[in-house]
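Survey of secondary and tertiary structure
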Amino acid sequence: GKLYALAGLSFTQAAYNKLHELAEGKNGFRIETKAGGCSGFKNIYDYADTPAEGEKIYTLSESLALYINDFTAEKLNGTIVDYKTGLHDAGLKFINPNVEKSCHCGVSFNF
């Protein structure tokens with residue numbers, strides 16, 4: 001399917017649709033890679049009305065922007081953002097080619 005490329009990330013059609021469906025009037029979606037978790041880094045993401053200090057604004061669509069800082073953009077460069085439905089493992093998935101190993105919890109990772 002179609003991929004929406006933005007800030008070094010590629011959003012699948014499923015992720016693009018779901019992000020818009022769940023936005024509920026928020027005009028921004030923040031993704032931030034932070035130190036933490038059992039493998040060194042984890043992605044924090046949520047809707048936001050305004051970008052935080054140091055974040056750049058990328059236009060995903062007329063109704064939704066992506067807020068992302070340079071550190072996160074660098075760490076997630078080349079990542080595919082997908083959305084999975086189902087009983088287990090549903091939600092946003094970050095398929096990151098830069099990640100060398102993921103821990104068994106699947107939530108944190110290292111480079």
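Owing to the predicted nature of the structure, the values given are computational and were not obtained by experimental measurement.

On a plain count of helices and strands, the protein comes out with two helices and 10 strands. When the elements of the protein are put in sequence order from the N terminus, they spell out β-β-α-β-β-β-β-α-β-β-β-β. Taking 2.2 N^0.38 as the reference for a compact globule, 111 residues should give roughly 13 Å; the C-alpha atoms of the protein span a radius of gyration of 13 Å, in line with that estimate. For the protein, the spread of C-alpha atoms along the principal axes amounts to about 35 × 35 × 20 Å. A total of 111 residues make up the protein; the buried ones form 40% of that total. Partitioning the contacts of the protein with sequence separation of at least 6, the portion at a separation of at least 24 is 49%. Separation between the mean location of the 11 positive side-chain charges and that of the 13 negative ones in the protein comes to 5 Å.

Counting across every chain of the model gives five aromatic pairs. Between Y4 and Y16 the ring centres are 3.9 Å apart and the planes differ by 10 degrees, which places this aromatic pair in the stacked class. A residue pair is termed long-range when its members are at least 10 positions apart, and Y4 in strand β1 (residues 3-6) and Y16 in helix α1 (residues 13-21) qualify at 12 residues. Its relative accessible area of 16% is what places Y16 among the buried residues. Between the aromatic rings of F41 and F71, the centroid separation amounts to 6.0 Å while the plane-to-plane angle is 40 degrees, which identifies the pairing as tilted. Residue F41 is found in strand β4 (residues 41-48), and its partner F71 is found in helix α2 (residues 70-75); the two are separated by 30 residues along the sequence. Among the residues examined, F71 registers a relative accessible area of 37% and is labelled partly exposed. Among the aromatic residues, those joined into a ring-pair cluster are F29, Y45, Y47 and F94.

This paragraph deals with the environment of A5. Topologically, A5 is positioned in strand β1. For A5 and I80, which are 75 residues apart along the polypeptide, the C-alpha to C-alpha distance reads 8.9 Å.

What counts and what doesn't
Residues numbered from 1 in each chain as written. Predicted model: local features only at pLDDT ≥ 70, side-chain atom pairs only at ≥ 80, totals over all residues. Heavy atoms only, no water. Helix = DSSP H or I, 4+ residues; strand = E, 2+ residues; numbered from the N terminus. Rg over C-alpha atoms; globule rule 2.2 N^0.38 Å. Buried < 20%, exposed > 50% of the residue type's maximum accessible area, 1.4 Å probe, protein only. Contact = heavy atoms within 4.5 Å. Lys, Arg positive; Asp, Glu negative; His and termini not counted. Charge placed at Lys NZ, Arg CZ, Asp CG, Glu CD. Phe/Tyr/Trp six-rings, centres within 6.5 Å; stacked < 30°, edge-to-face > 60°.

These figures capture arrangement, not role.
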